[in-house]
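Working through the structure, step by step
Letter by letter, the chains look like this.
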Amino acid sequence: MNQEIALVDDDRNILTSVSIALQAEGFVTRVYTDPTAALKAFLEKQPDLGVFDIKMPQMDGMELLRRVREFSAMPVIFLTSKDDELDEALGLAMGADDYISKPFSQRLLIARIRALLRRQELAKGEAMATDDEPEPILLERGRLRMDPARHKVIWDGKDVTLTVTEFLILEALAQRPGVVKTRNQLLDVAYHDDVYVDDRTIDSHIKRMRRKFRAVDPVFDGIETLYGVGYKFEDE
């Protein structure tokens with residue numbers, strides 16, 4: 001059965017273009033310009049994943065997510081028109097799975113959707129029978145343990161919840177401890193070469209990752225900044 005993606009955005013042009021792109025990839029799409037109508041539809045039948053715009057009239061994406069989380073744990077990606085750390089922090093605390101800033105690459109969005117759906121399936125122990133790809137091996141570096149197939153991160157035995165983008169950045173750093181990665185190298189890993197993103201975006205991701213790790217380990221210092229150069233991971 002094809003997986004269903006719900007798109008909720010008051011911009012009909014975005015809904016149409018993204019819906020066409022997803023259908024071309026084999027997904028079934030459900031589009032809504034009205035978040036209230038979307039919520040009612042979700043109560044009747046939940047999609048496999050939701051893509052919500054944050055800034056919408058009447059009910060914004062934050063409120064829609066809050067209400068969805070009362071009855072569903074489906075993965076949700078937020079579309080945001082600006083890098084607002086407060087919005088992102090609130091959204092992640094409420095259970096959003098990732099953020100993509102407008103304007104965005106459809107190829108990037110589709111890659112994020114596939115990654116989240118795969119994580120959801122493997123978390124349930126229900127990997128698709130048609131998926132013949134070998135499961136990525138675990139990455140272990142000191143107290144860090146990463147499971148790429150499930151996008152699961154454990155630090156010193158405690159779970160750390162990262163977005164897909166944050167996971168990709170950390171994975172790139174942890175694969176070669178002590179080796180410095182420039183911002184541009186990390187951008188290539190997280191965003192590929194089909195979309196322009198300011199290199200300072202990496203600084204924001206690193207900042208949020210450190211905050212998440214320090215929530216479980218107040219003295220976490222595994223990600224080191226080399227000012228003017230980039231970042232590196234130290235596995236102690």
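Under an unreviewed UniProt entry, the protein has the name Response regulator transcription factor and belongs to Sphingomonas telluris.

1. Structural notes on the sheet that holds strand β7 (residues 144-147)
One open sheet accounts for 4 strands, arranged β6-β7-β8-β9; its pairing is antiparallel. What marks the edges here is a single partner per strand, and that holds for β6 (139-141) and β9 (158-160). Strand-to-strand twist in this sheet, taken as the mean axis angle between neighbours without regard to direction, amounts to 20 degrees. As defined by bridge partners, β7 adjoins strand β8 (residues 152-155) across 4 bridges and the pair is classed as antiparallel. Counted as the bridge partner of Leu144 is Trp155 from β8. Set on the sheet, helix α6 (residues 164-174) makes contact with β6, β7 and β8; between it and β7 the angle comes to about 125 degrees. Docked against the sheet, helix α8 (residues 200-216) engages β7, β8 and β9, running at close to 160 degrees with respect to β9.

2. Details of the pattern of salt bridges
Scanning all chains against the criterion turns up 17 salt bridges. For the salt bridge of Arg67 with Glu63, the shortest nitrogen-to-oxygen distance reads 2.8 Å. Placement of the pair is Arg67 and Glu63 together in helix α3 (residues 61-68), with a separation of 4 residues, close to one helical turn. Overall, Glu63 belongs to the partly exposed group, its relative accessible area being 22%. Connected through shared salt-bridge partners, Glu63, Arg66, Arg67 and Glu70 make up one network.

3. A few points about the pairing of strand β11 (residues 223-226)
Judged from the 4 bridges that link them, β11 and strand β12 (residues 230-233) form a sheet pairing that is antiparallel. By the bridge assignment, Thr225 is partnered in β12 with Tyr231. Taken together, β11 and the strand that follows it, β12, pair antiparallel across an intervening segment of 3 residues, in which Gly228 is found at a positive phi of about 80 degrees.

4. Things to note about the nonpolar core
With 24 residues, the main nonpolar core has Leu144, Val153, Leu170 and Ile223 as its most contacted residues. Every element with two or more residues in this core is listed here: β7, β8, α6, α7 (183-191), α8 and β12. Apart from the residues lying within four places of it in its own chain, the contact partners of Leu170 are Leu144, Met146, Val153, Leu162, Met209, Phe213, Ile223 and Phe233. Counting 23 residues, the second largest nonpolar core, distinct from the first, contains Ile5, Val18, Ala21 and Leu116.

5. Thoughts on the sheet that holds strand β1 (residues 4-8)
Sheet strands associate in pairs through backbone hydrogen bonding, adopting either a parallel or an antiparallel arrangement. Across the sheet, 5 strands lie side by side as β2-β1-β3-β4-β5; this open sheet has parallel pairing. If you trace the sheet from one side to the other, it starts and ends with β2 (28-32) and β5 (98-101), each paired once. The mean inter-strand angle of the sheet, taken between neighbouring strand axes irrespective of direction, is 20 degrees. Pairing analysis gives 5 bridges linking β1 to β2, with the strands arranged parallel. By the bridge assignment, Ile5 is partnered in β2 with Thr29.

6. Focus: α3
Within α3, burial applies to Gly61, Met62, Leu64, Leu65 and Val68. Mapping the buried residues of α3 onto a view down its axis gives an arc of 165 degrees, with all of them on the same face.

7. Here we look at the environment of Arg141
In this fold, Arg141 is placed in strand β6. Relative accessible area serves as the criterion here: at 21%, Arg141 is assigned to the partly exposed category. It is 5.5 Å that separates the C-alpha atoms of Arg141 and Asp235, two residues lying 94 residues apart in sequence. Beyond its immediate chain neighbours, meaning those up to four positions away, Arg141 contacts Ala174, Gln175, Pro177, Phe233 and Asp235.

8. So, the confidence of the model for the protein
This prediction gives the protein a mean pLDDT of 84; 83% of its residues lie at or above 70. Scored below 50 in pLDDT, residues 126-130 makes 5 contacts in the model with residues more than four places away or belonging to other chains.

9. Examining the environment of Val68
As for its position among the elements, Val68 is in helix α3. Residue class for Val68 comes out buried when judged on its relative accessible area of 1%. Between the alpha carbons of Val68 and Gln46 there is a distance of 9.6 Å; along the sequence they are 22 residues apart. If sequence neighbours within four positions are ignored, Val68 has contacts with Leu39, Phe42, Phe52 and Met74.

Reading the values: the criteria
- Residues numbered from 1 in each chain as written.
- Predicted model: local features only at pLDDT ≥ 70, side-chain atom pairs only at ≥ 80, totals over all residues.
- Heavy atoms only, no water.
- Pairing = 2+ DSSP bridges.
- Helix = DSSP H or I, 4+ residues; strand = E, 2+ residues; numbered from the N terminus.
- Axes fitted to C-alpha atoms, helices over the stretch in contact; angles between N-to-C directions.
- Contact = heavy atoms within 4.5 Å.
- Salt bridge = Lys/Arg side-chain N within 4 Å of Asp/Glu carboxyl O.
- Buried < 20%, exposed > 50% of the residue type's maximum accessible area, 1.4 Å probe, protein only.
- Core = buried A, V, L, I, M, F, W, Y, C linked by side-chain atoms within 4.5 Å.
- Arc of directions from axis to C-beta.
- pLDDT = per-residue confidence, 0-100.

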